[in-house]
Amino acid sequence: MLKFGMPTLLEAPTPAKSAVIAAELGLDFVELNQNLPSCQNELLDTDELFELSKWYNIFFTLHLDEQLDFCNFNMKVADAWLDTFAGALRIARTINCPTVNMHLPCGVYFTLPDGKHYLYNESEKYCLERVDKLIKVAERELSGTEITVCIENTSGWQTFQIRWLEAILRSDKFALTLDTGHSAARSRVDEPFICESGKLRHMHLHDYDGMSDHLPIGAGKLDIGAYLNLARRQEINVVVETKTLAALRESVKKLKEEYK
């Protein structure tokens, strides 16, 4: 049976406020977004998260900071991000969080007459060494657990990011998130890789109308039923990833009425 969750909203930025909304809407989990101040490693109280889980009969997943850049050319910055990554995984382990969602950094690019030149593409050896460090941190921190770090598609993976993914996905601690709106906005360029990988474990579900994503379910052009069928086949959790509480309520209502 599909399990549906909600993102952390600006209208309810703390775990406690999110838990209340999730329970009210009959959702199964909350994805804590570490882009928000209230969800930083040092501010997340694992005892509180345990109590919220029991009280509201929900669980939590984590969405790591989108700026997490383990390949930064400033080694102190890159190592600080790896430390942050490790800390988040320790939180996930403590609260038995099944999924940790993250983005891959693309770094800085130079726009030349022949197009964009990504500096990470020009520094393959260094970046693959950093990728190996990321993998080792995950394997160390998540040893003996079934927690999975899921890499989310965002603006269309570059060729060098695909090479990273090929290395990352050889570890059983990593898998993939399919973000439906991001995918549609990029002409579904990453979907074949995601669906053929055998590593799809998580989904961010929102609609897209040809201009904007993160729309309420039913407000765009996506075949929501097809994505839900994919989620059912893969037995993965689905975050209804809207940006406002009103859009979340509308989406949950639509899912219950039309996509039971």
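For the structure itself, consult the block above.
Looking only at helices and strands, one finds 9 helices and 10 strands in the chain. The C-alpha radius of gyration of the chain comes to 18 Å, within 12% of the 18 Å expected for a compact globule of 260 residues. By principal-axis analysis of the C-alpha atoms, the chain measures approximately 50 × 40 × 30 Å. Across the 260 residues that make up the chain, the buried fraction comes to 53%. Across the chain, every contact between residues at least 6 apart in sequence was considered, and the portion connecting residues at least 24 apart equals 75%. Counting every atom, the chain has about 12,400 Å² of accessible surface; 50% of that belongs to carbon and sulfur.

This brings us to helix α8 (residues 224-234). Burial in α8 covers these residues: Ile224, Gly225, Tyr227, Leu228, Leu230 and Ala231. Of the residues flanking the end of α8, it is glutamate 235, one or two places downstream, whose phi is positive at about 55°.

Below, the discussion takes up the packing of aromatic side chains. Centre distance and the angle of the planes are the two values used to describe a pair of aromatic rings. This structure, assessed with the given rule, holds 9 aromatic pairs. Ring centres of tyrosine 120 and tryptophan 164 lie 6.0 Å apart, and the angle between their planes is 45°; on these two criteria the pair is classed as tilted. Here tyrosine 120, found in the loop between β6 (115-118) and α4 (124-141), pairs with tryptophan 164, found in helix α5 (residues 159-168); they are 44 residues apart in sequence, far enough to count as distant. Each member of the pair, tyrosine 120 as well as tryptophan 164, carries the same accessibility label: buried. Among the aromatic residues, ring-to-ring pairing joins Phe70, Phe73, Tyr109, Tyr118, Tyr120, Tyr126, Phe160 and Trp164 into one connected group.

Moving on, we get to the environment of proline 105. On the secondary structure map, proline 105 appears in the loop between β4 (99-102) and β5 (109-112). The exposure class assigned to proline 105 is buried, which follows from its relative accessible area of 9%. With 33 residues separating them in the primary sequence, proline 105 and asparagine 72 have C-alpha atoms 8.8 Å apart.

Moving on: the sheet that holds strand β3 (residues 59-63). If you walk around this closed barrel you meet the 8 strands as β1-β2-β3-β4-β7-β8-β9-β10, and the pairing is parallel. Neighbour to neighbour, the strand axes of the sheet diverge by 30° on average, direction disregarded. The pairing of strand β1 (residues 4-7) with strand β2 (residues 29-33) spans 3 bridges and is classified as parallel. Counted as the bridge partner of methionine 6 is valine 30 from β2. The sheet strands contacting helix α1 (residues 15-25) are β1, β2 and β3, and the helix crosses β2 at an angle near 150°.

Let us look at the nonpolar core. Counting 80 residues, the largest nonpolar core has Phe70, Phe85, Trp164 and Phe174 as the members making the most contacts within it. With 9 residues, the single largest contributor to this core is helix α3 (residues 75-94). If near-sequence neighbours (up to four positions away) are discounted, tryptophan 164 is found in contact with Phe70, Cys71, Leu104, Pro105, Tyr120, Cys127, Leu128 and Val131.

It is at 9 Å that the axes of α3 and α4 come closest, and there the two elements cross at 25°. Viewed along their axes, α3 and α4 adopt a mutual orientation that is roughly parallel. For α3 against α4, the interelement crossing comes out right-handed. For the pair α3 and α4, the contacting residues are Met75, Ala78, Asp79, Leu82, Phe85, Ala86, Leu89, Arg90 and Arg93 in the first and Tyr126, Arg130, Lys133, Leu134, Val137, Ala138, Arg140 and Glu141 in the second. Among the residues forming the contact of α3 with α4, the class breakdown is 10 nonpolar, no polar and 7 charged.

Looking now at α3. If you check α3, its first and last C-alpha atoms are 29 Å apart, about what 20 residues at 1.5 Å a residue would give, namely 28 Å. Considered for burial, the residues of α3 that qualify are Ala78, Trp81, Leu82, Phe85, Ala86, Gly87, Ala88, Leu89, Ile91 and Ala92. Tucked into the core, α3 has its buried residues touching α2 (46-56), β3, β4, α4, β7 (148-152) and β8 (174-179). Residue asparagine 74 occupies the N-cap position of α3, its side-chain oxygen lying 3.1 Å from the main-chain nitrogen of lysine 76.

Attention now goes to the side chain of serine 18. As for its placement among the helices and strands, serine 18 is situated in helix α1. Under the relative-accessibility criterion, serine 18 is labelled buried at 0%. From its side chain, serine 18 meets the backbone oxygen of alanine 12 in a polar contact 3.0 Å long. Residues contacting serine 18, with those up to four places away along its chain left out, are Met6, Thr8, Ala12 and Val30.

Turning our eyes to something else, we now look at a nonpolar patch on the surface. Side chains of Val108, Phe110 and Leu112 sit close together on the surface and give an oily, nonpolar patch of about 280 Å² of accessible area. Mapped onto the elements of the fold, valine 108 is located in the loop between β4 and β5.

Conventions and cut-offs
Residues numbered from 1 in each chain as written. Predicted model: local features only at pLDDT ≥ 70, side-chain atom pairs only at ≥ 80, totals over all residues. Heavy atoms only, no water. Helix = DSSP H or I, 4+ residues; strand = E, 2+ residues; numbered from the N terminus. Rg over C-alpha atoms; globule rule 2.2 N^0.38 Å. Buried < 20%, exposed > 50% of the residue type's maximum accessible area, 1.4 Å probe, protein only. Contact = heavy atoms within 4.5 Å. Areas by Shrake-Rupley, 256 points an atom, 1.4 Å probe, with all protein chains shown as cover. Phe/Tyr/Trp six-rings, centres within 6.5 Å; stacked < 30°, edge-to-face > 60°. Pairing = 2+ DSSP bridges. Axes fitted to C-alpha atoms, helices over the stretch in contact; angles between N-to-C directions. Core = buried A, V, L, I, M, F, W, Y, C linked by side-chain atoms within 4.5 Å. Parallel < 35°, antiparallel > 145°, perpendicular 65-115°, else oblique. Left-handed = near helix turned anticlockwise from the far one by under 90°. Nonpolar A, V, L, I, M, F, W, Y, C, P; charged D, E, K, R; others polar. Expected span 1.5 Å × (residues − 1). Polar contact = N/O pair within 3.5 Å; in protein donor to acceptor, adjacent residues only side chain to side chain. Patch = residues over 30% accessible without salt bridge, like charges linked within 9 Å, V, L, I, M, F, W, Y side chains within 5 Å. Salt bridge = Lys/Arg side-chain N within 4 Å of Asp/Glu carboxyl O.

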